[in-house]
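Descriptive analysis of the structure
Residues per chain, in single letters:
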Amino acid sequence: MSAYSMTGFGRGEAAGERWTVVAEIKSVNNRFKDYRFKMGSALSSQEFELRGLLEKGFKRGTFDVSVSYQRRPGVAAESQLDPVKVQAWLDAVLPILKDLPMQVSPTDFLRPDFLRDEEGDKGQELAPLVGKAFAGAVEALRRSRAAEGASLVTTLLGHLAVYEKLMLRNEELKNQYPDMVRERLHLKLAEKMKDFKVDEGRLMQEVVFYLEKLDIDEEVNRAKIHVAKLREQLAAGGELGRQADFLLQELGRETNTMGSKSAHTEISANVVEMKVQLEKIREQALNLE
């Protein structure tokens, strides 16, 4: 299953004998779904149907939809007069007027009563073209969001690899803790108690006590699990946004604890960079569907 971005663009076009319809859809990220339609009055009756296609085809996002139409080149505009209405009026009125000093002027038929319901007629003719053009735009939007999603996943995996490399380096550095703590305590004791001999047994007890406070094994192990789960989800695709957000929160919590426990300068520096990588992942993940 592909991973989809919420950012994308799709365009579809359909041509009939007299009209050409163009549908365009632009989508951006949103926690939920939002639709904004821009259509002529002749097409407004189809908005509900088109909205349903978006509802069915996509999980999240803000969708700006534009549907327009124009007469095809070389196709002449038809008269707006409705001959049926005109003939019916003449059939009813001429017998009355034949004995009266009145005449019928052609301009009399320019009143709304004698004109075609142009918008209604046009809407019926354009309806199948709108459906075809919109279906093409939806499919193009889906491809666009899939391509953008694949690019996002590649970027996310790159940042995740940097994070994991730093995390594994911290796991190596923690093995230096015993020697580092022992040396620090020796120095402090040598400075404070110059005339006393250091009890190595007691010193090792203190070393163990400090190591328990500085141990980051649990945080590293949990972070490994979250990294593996996030990589697994990115590979599986589908609806990733909310799942990735949860795992990133967990990774952030473990990373902060590593930093608070750290007594090693390189680990502290690594934690800062790990937080930077998580923030980059979070910013990019906001665009995932």
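Please refer to the structure placed before this passage.
Definitions and limits used
Numbering of residues begins from 1 in every chain and follows the order in which that chain's sequence is written. Only residues with pLDDT of at least 70 get local features here, since the model is predicted, and only at 80 or more are side-chain atom pairs given and counted; chain-wide, interface and lining totals rely on the full set of residues. Values reported for side chains reflect all heavy atoms of the structure, with hydrogen atoms and water molecules removed beforehand. Here a helix means four or more residues in a row that DSSP labels H or I, a strand means two or more in a row labelled E, and each is numbered from the N terminus. Only protein chains enter the calculation, and the probe is 1.4 Å; a residue is then buried if its accessible area is under 20% of its type maximum, exposed if over 50%, and partly exposed in between. Note on definitions: a residue-residue contact is assigned when non-hydrogen atoms from the two residues lie within 4.5 Å. Here the open area of atoms and residues is found with the Shrake-Rupley method and a 1.4 Å probe, where only the protein chains shown may cover a residue. Any two strands between which DSSP finds at least two bridges are classified as paired. What makes a salt bridge here is a side-chain nitrogen of Lys or Arg within 4 Å of a carboxyl oxygen of Asp or Glu, nothing more. Whether a crossover is right-handed comes down to one check: with the strands pointing away from the viewer, does the path from the first strand over the helix to the second run clockwise; if it does, it is right-handed. Here an angle of 0 to 180 degrees is reported between the N-to-C directions of two axes, which are lines fitted to C-alpha atoms, with helices fitted over the stretch in contact. The pairing test for Phe, Tyr and Trp rings, Trp by its six-membered ring, is centres within 6.5 Å, and the orientation test on the planes gives stacked under 30 degrees, edge-to-face over 60, and tilted for anything in between. In this analysis the charged atom, NZ for Lys or CZ for Arg, is taken to sit over a ring once it is within 6 Å of the ring centre and within 35 degrees of the ring normal. Residues are said to line a cavity or pocket when one of their atoms sits within 4 Å of a point; the points come from a 1 Å grid over protein atoms alone, cavities being sets where a 1.4 Å probe fits but cannot get out and pockets being open sets with protein on both sides within 12 Å along at least five of seven lines. Grid points are joined across faces, edges and corners, and a volume is the space filled by probe spheres set on the points. Working definition: roughly parallel below 35 degrees, roughly antiparallel above 145 degrees, roughly perpendicular at 65 to 115 degrees, and oblique for all remaining angles. Under this grouping Gly is polar, as are all residues other than the nonpolar Ala, Val, Leu, Ile, Met, Phe, Trp, Tyr, Cys and Pro and the charged Asp, Glu, Lys and Arg.

Quick word on the overall build of the chain
Secondary structure summary: the chain contains 8 helices and 4 strands in total. In the chain, buried positions account for 36% of the 289 residues. Contacts in the chain between residues far apart in sequence, at least 24 positions, make up 80% of those at least 6 positions apart. Looking at the chain as shown, the accessible area adds up to about 17,200 Å², and 54% of this sits on carbon and sulfur atoms.

Points about the pairing of strand β1 (residues 8–15)
Where burial is concerned, the two faces of β1 differ: the one with Gly 8, Gly 10, Gly 12 and Ala 14 is buried and the one with Phe 9, Arg 11, Glu 13 and Ala 15 is not. Here β1 hands over to strand β2 (residues 19–28) after 3 residues, the two strands then running antiparallel side by side.

A look at the pattern of salt bridges
Considering all chains together, one arrives at 20 salt bridges under this definition. Two residues, Glu 139 and Arg 142, come together in a salt bridge whose shortest N-O distance is 3.1 Å. Pair noted here: Glu 139 and Arg 142 are both in helix α3 (residues 118–173), with a separation of 3 residues, about one helical turn. Its relative accessible area of 25% is what places Arg 142 among the partly exposed residues. A salt bridge links Arg 222 to Glu 254, with the shortest nitrogen-to-oxygen separation between them at 2.8 Å. One end of the pair, Arg 222, is in helix α6 (residues 217–236); the other, Glu 254, is in helix α7 (residues 241–261), with 32 residues separating them in the sequence. A residue is classified by how much of its surface remains accessible, and Glu 254, at 7% relative accessible area, is buried. Through salt bridges that share partners, Glu 218, Glu 219, Arg 222 and Glu 254 make up one connected network.

Describing the pairing of strand β4 (residues 61–71)
Taken residue by residue, a regular strand's side chains alternate between the two faces of the sheet. Across 10 bridges, β2 lies against β4 in antiparallel orientation. Within β4, the residue paired with Thr 20 across the bridge is Gln 70. Each parallel crossover has a hand, and for strand β3 (residues 33–39) linked through helix α1 (residues 47–57) to β4 it is left-handed.

So, the sheet that holds β3
Hydrogen bonding along the main chain pairs the strands of a sheet, whether they run parallel or antiparallel. The sheet built from 4 strands is open, its strands ordered β1-β2-β4-β3 with mixed pairing. Strand pairing shows two members of the sheet lacking a second neighbour, β1 and β3, which therefore form its edges. Each neighbouring strand pair of the sheet contributes to a mean axis angle of 15 degrees, computed without reference to strand direction. Sitting on the sheet, α1 touches β2, β3 and β4, and the angle it makes with β3 is about 145 degrees.

Here we look at the packing of aromatic side chains
Here the structure, examined in full by the defined rule, presents 3 aromatic pairs. Judged by centre distance (5.4 Å) and plane angle (40 degrees), the rings of Phe 58 and Phe 63 are tilted. Like Phe 63, Phe 58 is buried. Arg 142 extends its terminal NZ or CZ atom over the ring of Phe 58, reaching a point 5.3 Å from the ring centre.

Some thoughts on empty space enclosed by the protein
Applying the stated criterion across every chain yields a total of 1 cavity of 30 Å³ or more. By volume, the largest cavity is sized at about 40 Å³. Around the largest cavity sit Leu 156, Leu 160, Leu 230, Leu 234, Ala 244, Leu 248, Ile 281 and Ala 285, which together line it. Every element with two or more residues in the lining of the largest cavity is listed here: α3, α6, α7 and α8 (265–285).

Some remarks on the environment of Ala 161
By the element assignment, Ala 161 lies in helix α3. In sequence terms Ala 161 and Arg 231 are 70 residues apart; their C-alpha atoms lie 9.7 Å from each other.

Regarding the packing of α7 against α8
Packed helices, taken two at a time, are described by the angle their axes make and the gap between the axes. Interaxial distance between α7 and α8 falls to 10 Å at its minimum, and their mutual angle equals 170 degrees. In terms of orientation, α7 lies roughly antiparallel with respect to α8. Residues Gly 241, Ala 244, Leu 248, Gln 249, Leu 251, Gly 252, Thr 255, Asn 256, Met 258 and Gly 259 of α7 form the contact with α8, whose own contacting residues are Val 271, Met 274, Lys 275, Leu 278, Ile 281, Arg 282 and Ala 285. Each residue belonging to the contact of α7 with α8 can be placed in one class, and the counts come to 9 nonpolar, 6 polar and 2 charged.

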